[in-house]
Amino acid sequence: MKKVVTIQDISCFGKCSLTVALPVISAMGIETAVIPTAVLSTHTGGFQGFTFRDLTSDIPAIADHWKSLGLRFDGIYTGYLGSIEQVRIVSDFFGDFGREDNFIVVDPAMADGGRLYTGFSQDFVAEMRKLCSRADYIIPNMTEASFLLDIPYTEDYDQAYAEKVLRRLADLGCPMPVLTGVHFDGEKQGAAAYDSRTGEFCYHFRKTVDRTLHGTGDIFSSVFTGAVTLGMPLSQAVRTAVDYTADCIEATAGSFDEVWYGSCFELCLDKLIGYVKNR
Ligand code: PXL
């Protein structure tokens, strides 16, 4: 069986990070080990007064135990990381568990809508930039890409601009950057990726649903990680991740007011399994 380890927080309520990654990657038929980096009562996007228990100091101990067991993973996937120290420790984990024949996905989950999430600073961005340089794939949205590249944020751009951003992301040291939330008109939205080894770009779009839902980036990155683990080429991994994310958003469309804290991804897992089976 293929094995992935995902390193991110667990938000006890509000569907994102581990409560998304674990079911989604497992549904793709991949064993999913987890390192919870923190326990929060809710995610930080719109809830007030959430608790935050930092588990940073557990990470090296977990890594040491796993090293003693000789555990190996086909993929390492990191999402939301809560502090600069945590990013550094995850970087050490890459040193311990990264190999020639596995891959690293970094989702620099730290910003959206032109703004950093609560609790993050420019120093955190600088550390995340270093972590991205160690990944095979990074999956920023346009806000995160703008912070990583230190360029002004805009949602008014064309294909040439998206490709320039992707090239510059690759220049950070990650050979295959993926940009999410890409749109060139009001009709369609999706993702774009660049393989700097071949110079090829790929895109996949679905009809835009004009609402922002929390956790869709985590759905995308989880499916993308699973797809690459299953050996899908970059363009197919992007297509599968866009399609499932769009399925989830559409499945939530009737309940946007009720479930702003996450999408009804559970209702679409059968489709995801279908994408995997029919690949
Ligand atoms: O969806 C990304 C995410 C993950 N984990 C926590 C978050 C967020 C986004 O706000 O707050 C705790």
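For the structure given in this document, a descriptive report is provided here. (Residues numbered from 1 in each chain as written. Predicted model: local features only at pLDDT ≥ 70, side-chain atom pairs only at ≥ 80, totals over all residues. Heavy atoms only, no water.)

Time to look at the overall build of the chain. Per the secondary structure count, the chain includes nine helices and eleven strands. Scaling as 2.2 N^0.38, a compact globule of 279 residues should have a C-alpha radius of gyration of about 19 Å, and the chain matches this with 17 Å. Each principal axis of the C-alpha distribution contributes one length, and for the chain these read about 50 × 45 × 40 Å. Roughly 12100 Å² of accessible area belongs to the chain as shown, and the carbon and sulfur atoms make up 49% of that amount. Separation between the mean location of the 24 positive side-chain charges and that of the 36 negative ones in the chain comes to 4 Å. (Helix = DSSP H or I, 4+ residues; strand = E, 2+ residues; numbered from the N terminus. Rg over C-alpha atoms; globule rule 2.2 N^0.38 Å. Areas by Shrake-Rupley, 256 points an atom, 1.4 Å probe, with all protein chains shown as cover. Lys, Arg positive; Asp, Glu negative; His and termini not counted. Charge placed at Lys NZ, Arg CZ, Asp CG, Glu CD.)

A word on the sheet that holds strand S3 (residues 52–54). In any sheet, the strands associate via hydrogen bonds between backbone groups, in a parallel or an antiparallel arrangement. The strand order across the open sheet formed by nine strands is S3-S2-S1-S4-S5-S8-S9-S10-S11, and the pairing between neighbours is mixed. Every other strand in the sheet has two partners, leaving S3 and strand S11 (200–207) as the edge strands with one partner each. In terms of strand pairing, strand S10 (residues 188–195) meets S11 through eight bridges, oriented antiparallel. Note on S11: the bridge partner recorded for Ala191 is His204. (Pairing = 2+ DSSP bridges.)

In a regular helix each residue adds 1.5 Å, so 19 residues correspond to 27 Å; helix H8 (residues 234–252) covers 27 Å between its end C-alpha atoms and thus fits that length. With respect to burial, H8 is a largely interior element, 15 of its 19 residues being buried. (Expected span 1.5 Å × (residues − 1). Buried < 20%, exposed > 50% of the residue type's maximum accessible area, 1.4 Å probe, protein only.)

Here we take up the layout of surface pockets. The computed volume of the second largest pocket comes to approximately 170 Å³. If you go around the second largest pocket, you meet 13 residues; those closest to its centre are Asp195, Arg197, Pro233, Leu234 and Ser235. Elements with a contribution of two residues or more to the lining of the second largest pocket: S11 and H8. Among the elements that take part in the lining of the second largest pocket, S11 stands out by supplying three residues, more than any other. Looking at the lining of the second largest pocket, its residues break down into eight nonpolar, two polar and three charged. (1 Å grid on protein atoms, 1.4 Å probe; cavity = no way out; pocket = protein on both sides within 12 Å on 5 of 7 lines; lining within 4 Å. Points joined across faces, edges and corners; volume = space filled by probe spheres on them. Nonpolar A, V, L, I, M, F, W, Y, C, P; charged D, E, K, R; others polar.)

Glancing now at the side chain of Gln8. Tracing the backbone shows Gln8 in strand S1 (residues 3–13). Ignoring anything within four residues of it in the chain, the contact list for Gln8 reads Ser17, Leu18, Ala21, Ile35, Pro36, Thr37, Tyr77, Gly79 and Tyr80. (Contact = heavy atoms within 4.5 Å.)

The environment of the ligand is formed by Asp9, Ser11, Cys16, Ser17, Leu40, His43, Thr44, Gly45, Tyr80, Tyr117, His214 and Asp218. Here an oxygen atom of the ligand and a side-chain polar atom of Thr44 are 2.7 Å apart. One of the side-chain nitrogen or oxygen atoms of His214 is found 3.4 Å away from an oxygen atom of the ligand. Here the ligand loses 98% of its free accessible area of 320 Å² to cover by the protein chains. (Near = heavy atom within 4 Å. Polar contact = N/O pair within 3.5 Å; in protein donor to acceptor, adjacent residues only side chain to side chain.)

Attention shifts here to helix H6 (residues 159–171). For H6, spanning 13 residues, the distance from its first C-alpha to its last is 18 Å, which sits close to the expected 18 Å at 1.5 Å a residue. All of the buried residues along H6 are Tyr161, Ala162, Glu163, Val165, Leu166, Leu169 and Ala170. Structurally, H6 contributes buried residues whose contacts are with strand S8 (137–138), helix H5 (142–149), strand S9 (176–182), S10 and S11. Gly173 sits one or two residues past H6 and shows a positive phi near 125 degrees.

Along the chain, the position of Asp247 falls in helix H8. Separated by 2.5 Å, the side chains of Asp247 and Tyr275 make a polar contact. Setting aside residues no more than four positions away along its own chain, Asp247 makes contact with Arg206, Cys268, Lys271 and Tyr275.

Let's shift gears to the packing of aromatic side chains. Under the defined criterion, the tally for this structure stands at 20 aromatic pairs. Ring centres of Phe13 and Tyr261 lie 4.8 Å apart, and the angle between their planes is 45 degrees; this geometry places the pair in the tilted category. With Phe13 in strand S1 and Tyr261 in the loop between H8 and helix H9 (269–277), this pair connects stretches of sequence that are 248 residues apart. A relative accessible area of 17% means that Tyr261 is categorised as buried. Feature note: the residues Tyr157, Tyr161, Phe184, Tyr203 and Phe205 constitute an aromatic cluster, connected by ring pairs. (Phe/Tyr/Trp six-rings, centres within 6.5 Å; stacked < 30°, edge-to-face > 60°.)

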